[in-house]
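# Topology and contacts: notes
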Amino acid sequence: MVWICFIIMLVVPYLLGGINTSIIVTKIKTGNDIRSMGSGNAGLTNTLRTQGKASSAIVLLGDVAKAVLAVLAVRLAFRYIGGVDTAEYSSEMKWVEYMAGFMAVVGHVFPIYYGFKGGKGVLAAVSAIFTLDWRTGLVLLGVFVILVAITRYVSLGSCVSSALFFISTFVFGKVVDNDPAALINTFIALFMGGLIIYMHRGNLSRLAHHTEKKLGEKTVGK
């Protein structure tokens, strides 16, 4: 029955991650596709800039919920169907939860429901990370908050935090916990962080040319 758990690990988080609250909320509110508004990104920052605080609060809750549920669904599947407790740091199967988090981000970025064009995956990723290891989550969130507070560039904070994800995963997993799945977790973290940075390639180009919008600036047109 364990094979069923591996199918769940790949499919359920992907489908949950593909539920894009930003697209749904904007469609209900305005009748338009947020991907044709503002920066064109179906995520929290663009929702805040184009739809306001109330709508962005719903997106925040939605993205957090789907990522957390994705990891928990896989954890429960392995526990009650496969008879494996993946929540233990001493478990060699801890990596399946990291894979669930990664698939939730893949679903958010490439959602099957919306023509494989979604958001950049930052909020979904950090929500999954906190579910996987709150220590890593705190480190990355701290770096993000400090950088955004200093520079007001959300994209910069997102990319630097994503780059540090695999390093933090290795330190806490291998050095602190001696987790037998630490290397696999680090490898998955590298791919997850790399995907988020790749999705910010346009932002990085604008940062290099000093044309990136800062937090709080309104975006008119795409």
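Above: the structure in question.
The sections below set out a description of the structure shown in this document. From a predicted model like this one, the values you see are computed outputs, not experimental measurements. (Residues numbered from 1 in each chain as written. Predicted model: local features only at pLDDT ≥ 70, side-chain atom pairs only at ≥ 80, totals over all residues. Heavy atoms only, no water.)

Moving on to the environment of A100. With respect to the helices, strands and loops of the structure, A100 is situated in helix α5 (residues 95-109). When residues no more than four places from it in sequence are discounted, the contact partners of A100 are M9, P13, A70, V71 and V74. (Helix = DSSP H or I, 4+ residues; strand = E, 2+ residues; numbered from the N terminus. Contact = heavy atoms within 4.5 Å.)

Our focus in this paragraph is the environment of A42. Turning to its location among the elements, A42 is positioned in the loop between α2 (21-30) and α3 (44-51). Exposure remark for A42: the relative accessible area of 0% places this residue in the buried category. In this structure, the C-alpha to C-alpha distance between A42 and H108, residues 66 residues apart in sequence, is 9.3 Å. Non-local contacts of A42, meaning those with residues more than four positions away in its chain, are made with N20, S22, I23, I34, R35, H108, G118 and G119. (Buried < 20%, exposed > 50% of the residue type's maximum accessible area, 1.4 Å probe, protein only.)

A word on the packing of helix α6 (residues 122-132) against helix α7 (residues 134-151). The description of two packed helices rests on the angle between their axes and on the distance between the axes. Between α6 and α7, whose axes approach to 5 Å, the crossing angle comes to 140°. Regarding the angle of α6 to α7, the classification is oblique. Every residue of α7 that contacts α6 at I129, F130 and L132 is listed here: W134, T136, G137, L138, L140 and L141. (Axes fitted to C-alpha atoms, helices over the stretch in contact; angles between N-to-C directions. Parallel < 35°, antiparallel > 145°, perpendicular 65-115°, else oblique.)

Quick look at the side chain of T21 now. Within the element layout of this structure, T21 appears in helix α2. Not counting residues up to four positions away in its chain, the partners in contact with T21 are I58, V59, G62 and D63.

Here the focus is the packing of aromatic side chains. Tallied over the entire structure, the rule returns 4 aromatic pairs. Between the aromatic rings of F6 and F78, the centroid separation amounts to 5.3 Å while the plane-to-plane angle is 85°, which identifies the pairing as edge-to-face. Taken together, the positions of F6 in helix α1 (residues 2-17) and F78 in helix α4 (residues 53-80) put the pair 72 residues apart, joining distant regions of the chain. Accessibility expressed as a relative area gives 28% for F6, which makes it partly exposed. Look at F78 and you get buried, because its relative accessible area is 0%. The interplanar angle of 25° and the centroid separation of 6.1 Å between the aromatic rings of F6 and W95 together place this pair among those described as stacked. In this pair, F6 sits in helix α1 while W95 sits in helix α5, placing the two residues 89 residues apart along the sequence. A residue is classified by how much of its surface remains accessible, and W95, at 18% relative accessible area, is buried. Site record: aromatic cluster; members linked through ring pairs are F6, F78 and W95. Its end group placed over the ring of Y198, R201 keeps NZ or CZ at 4.1 Å from the ring centre. (Phe/Tyr/Trp six-rings, centres within 6.5 Å; stacked < 30°, edge-to-face > 60°. Lys NZ or Arg CZ within 6 Å of the ring centre and 35° of its normal.)

Here helix α9 (residues 182-199) is 18 residues long and its end C-alpha atoms lie 26 Å apart, about the 26 Å a rise of 1.5 Å per residue gives. Those residues of α9 that sit buried are A182, N185, T186, I188, A189, M192, G193, L195, I196 and M199. Where α9 is buried, its residues meet α5, α6, α8 (154-176) and α10 (201-208). (Expected span 1.5 Å × (residues − 1).)

Judged by nonpolar contacts, the single largest core of 31 residues is most densely connected at M9, W95, M99, F102, V105, F165 and L195. For this core, the element with the highest residue contribution is α5, accounting for 10 residues. (Core = buried A, V, L, I, M, F, W, Y, C linked by side-chain atoms within 4.5 Å.)

Helix length check: α4 (28 residues) gives 40 Å between terminal C-alpha atoms against 40 Å at 1.5 Å per residue, within 8%. Those residues of α4 that fall on the buried side of the exposure criterion are S55, S56, V59, D63, K66, A67, A70, V71, V74, R75, A77 and F78. Buried residues along α4 sit against α1, α2, α3, α5 and α6.

Okay, the side chain of S22 next. As for its position among the elements, S22 is in helix α2. Given a relative accessible area of 1%, S22 falls into the buried group. If sequence neighbours within four positions are ignored, S22 has contacts with I34, A42, G43, T47 and V59.

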